Amino acid sequence: MNTLPNDHAARTARAALALDGLSVGDALGETCFRTHNWEAIQEDPHATTRGPWPFTDDTAMALGIYETLAECGGIDQDRLALRFAARYTAQPWRGYGAGAHRLLEQIGSGTDWRYAAERVFPGGSYGNGSAMRVAPLAGYFAESDYAEVAHQARLSAGVTHAHPEGLAGAVATAVAGAYAWKNRDARGDTATKRGLFDAVLAHTPPSDVRRGIERAATFSFDLSAEPHVRLLDYNFATRPFDVSIEPVVRLLGNGSRISCQDTVPFCLWVAALHLDDYRTAIVQTIRAAGDIDTNCAIVGGIVALATGRAGIPADWLTDREELVV
Ligand SMILES: [Mg+2]
């Protein structure tokens with residue numbers, strides 16, 4: 001039995017904040033596949049269909065991470081695997097990917113996760129599932145140093161996403177979340193937004209994920225490097241919907257390949273640029289299409305750690321299906 005840290009309650013509260021940011025993004029993002037929300041939000045960022053918005057696998061697995069941290073004070077991989085499997089077994093219809101179905105079914109029926117993961121994903125999965133669920137971990141360890149955040153993120157990813165890209169996606173996303181919390185008081189400053197990439201790159205191992213984030217950092221803040229993309233000439237604060245996000249998607253991806261490489265760089269770019277504005281961050285993410293629920297889960301989890309719960313639109317929190325922890 002692990003000894004829980006003295007500030008366990010404060011850590012768990014931060015994890016719950018990240019979980020709210022993640023799950024609201026997930027649930028709202030998912031409505032774009034079922035309703036006219038995607039079109040409606042292009043017109044008016046305040047226009048959404050009314051709830052309840054069911055959450056998907058992103059939130060279900062994030063709940064598994066949250067519960068493991070609340071119970072153990074850190075990632076116990078055996079415990080986490082059982083949490084993932086229990087939530088899957090109870091609600092397998094939450095939109096899990098094909099590989100996740102097979103893996104979680106096997107773990108749920110008693111197969112050791114190490115064996116099951118290697119059998120389902122030889123060499124490890126690099127799907128974006130390792131990043132989509134990690135925000136509560138970022139919250140829990142947000143006041144630890146980044147090396148600890150990265151270590152715990154690797155452990156959380158390793159259960160199902162042991163490929164180097166899967167690990168890198170979780171590490172990058174978790175460090176971004178911790179950075180958001182540490183710098184929340186200056187979240188509107190351009191230097192703070194730029195600094196997110198520095199912190200993430202300092203801790204993300206060499207990988208395509210890392211290369212994508214390097215590109216995103218250049219793209220966002222050094223326009224001379226990409227003269228054909230002038231997106232940041234626009235003032236997002238006053239004219240948030242006047243530009244096409246398509247050039248960004250073209251260069252960074254939008255999760256349509258469901259991989260960390262194709263998902264995390266774009267999500268970090270949106271989260272950095274809108275670190276002080278949860279609604280705009282989510283709406284911009286929705287506009288980029290692709291793996292919308294997962295993209296919004298990643299962006300929402302990071303940005304909520306900067307804005308606090310007050311930054312999440314109250315009606316969105318109400319419209320999200322209630323979380324049962
Ligand atoms: Mg999902």
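Throughout, residues of each chain are indexed from 1 in the direction in which the sequence is written. Reporting in this predicted model follows two pLDDT cut-offs: at least 70 for local features of residues, and 80 or more for side-chain atom pairs to be given and counted; totals over whole chains, interfaces and linings ignore these cut-offs and use all residues. Neither water nor hydrogens contribute to the side-chain values; these are computed over all heavy atoms in the structure.

Per an unreviewed UniProt entry, the recorded name for the protein chain is Hydrolase, and the organism is Frigoriglobus tundricola.

UniProt positions are given in the numbering used here, feature names are shortened, and annotations may be inferred rather than shown by experiment. Mapped onto the present numbering, the UniProt feature "binding site: Mg(2+)" (unreviewed entry) falls on Thr-56, Asp-57, Asp-58, Asp-291, Asp-293 and Thr-294. These annotated residues cover 239 residues of sequence, and their C-alpha atoms lie no more than 12.5 Å from one another, placing them together at a single site. Annotated residues from the preceding list that form part of the lining of the largest pocket: these are Asp-57, Asp-58, Asp-291, Asp-293 and Thr-294. In DSSP terms, a helix is any run of H or I states spanning at least four residues, a strand is any run of E spanning at least two, and both are numbered starting from the N terminus. Mapped onto the secondary structure, Thr-56 falls in the loop between α2 (37–43) and α3 (57–72). The rule is simple: take the accessible area with a 1.4 Å probe, protein chains only, and divide by the maximum for that residue type; under 20% is buried, over 50% is exposed, in between is partly exposed. Overall, the relative accessible area of 4% leaves Thr-56 in the buried class. A polar contact is formed between the side chain of Thr-56 and the side chain of Asp-58, at a distance of 2.7 Å. Tracing the chain through its elements places Asp-58 in helix α3. Each cavity reported here is a set of points on a 1 Å grid over the protein atoms alone in which a 1.4 Å probe fits but cannot get out, each pocket an open set with protein on both sides within 12 Å along at least five of seven lines, and each lining residue one with an atom within 4 Å of a point. For the purposes of these results, a polar contact is taken to be a pair of N or O atoms within 3.5 Å, where, inside protein, one atom must be able to donate a hydrogen and its partner to accept one; residues adjacent in sequence count only when each atom of the pair is a side-chain atom.

Let's shift gears to the coordination of the magnesium ion. Ideal geometry at a metal centre gives angles of 109.5 degrees when four donors are arranged tetrahedrally and 90 or 180 degrees when six donors are arranged octahedrally. Protein ligation of the magnesium ion involves Thr-56 (OG1), Asp-57 (OD), Asp-58 (OD) and Asp-293 (OD), the donor distances falling in the range 2.1 to 2.3 Å. Shown as donors are all N, O and S atoms within 2.8 Å of a metal ion, widened to 3.2 Å for Na, K and Ca; because water is not in the atom set, sites may appear incomplete. Going along the chain, you hit the donors of the magnesium ion in the pattern T-D-D-x234-D. A relative accessible area of 0% places Asp-58 in the buried class.

Below, the discussion takes up the layout of surface pockets. A volume near 350 Å³ is recorded for the largest pocket. If you trace the largest pocket, you find 23 residues lining it, with Asp-57, Gly-97, Ala-100, Gly-129 and Ile-258 closest to the centre. For the lining of the largest pocket, the element with the most residues is helix α5 (residues 98–108), which contributes five residues. Grid points are joined across faces, edges and corners, and a volume is the space filled by probe spheres set on the points.

Once that is clear, we can look at the packing of aromatic side chains. Any two rings among Phe, Tyr and Trp, with Trp reduced to its six-membered ring, count as a pair given centres within 6.5 Å; such a pair is stacked if its planes are under 30 degrees apart, edge-to-face if over 60, and tilted if neither. Scanning the entire structure with this criterion turns up three aromatic pairs. Each ring, one from Tyr-88 and one from Tyr-96, has its centre 5.0 Å from the other, and the planes form 85 degrees; the classification is edge-to-face. As far as burial versus exposure is concerned, Tyr-88 and Tyr-96 are alike and both buried. Only lysine NZ and arginine CZ atoms are considered, and such an atom sits over a ring when it is within 6 Å of the ring centre and within 35 degrees of the ring normal. Directly above the aromatic system of Trp-316 lies the positively charged group of Arg-279, at a separation of 5.1 Å from the ring centroid.

Our next topic: empty space enclosed by the protein. Under the counting rule described, the total for this entry stands at one cavity of 30 Å³ or more. The calculated volume of the largest cavity comes to roughly 40 Å³. Along its surface, the largest cavity is lined by Leu-22, Ala-131, Met-132, Ala-135, Ala-138, Thr-173, Gly-177, Ala-297, Ile-298, Ile-302 and Leu-305. For the lining of the largest cavity, the elements supplying multiple residues, two or more each, are α7 (129–132), α8 (135–140), α10 (164–182) and α16 (292–307). The biggest single contributor to the lining of the largest cavity is α16, with four residues. Ten residue types, Ala, Val, Leu, Ile, Met, Phe, Trp, Tyr, Cys and Pro, are classed as nonpolar, four, Asp, Glu, Lys and Arg, as charged, and the remainder, Gly among them, as polar. A per-class count over the lining of the largest cavity returns nine nonpolar, two polar and no charged.

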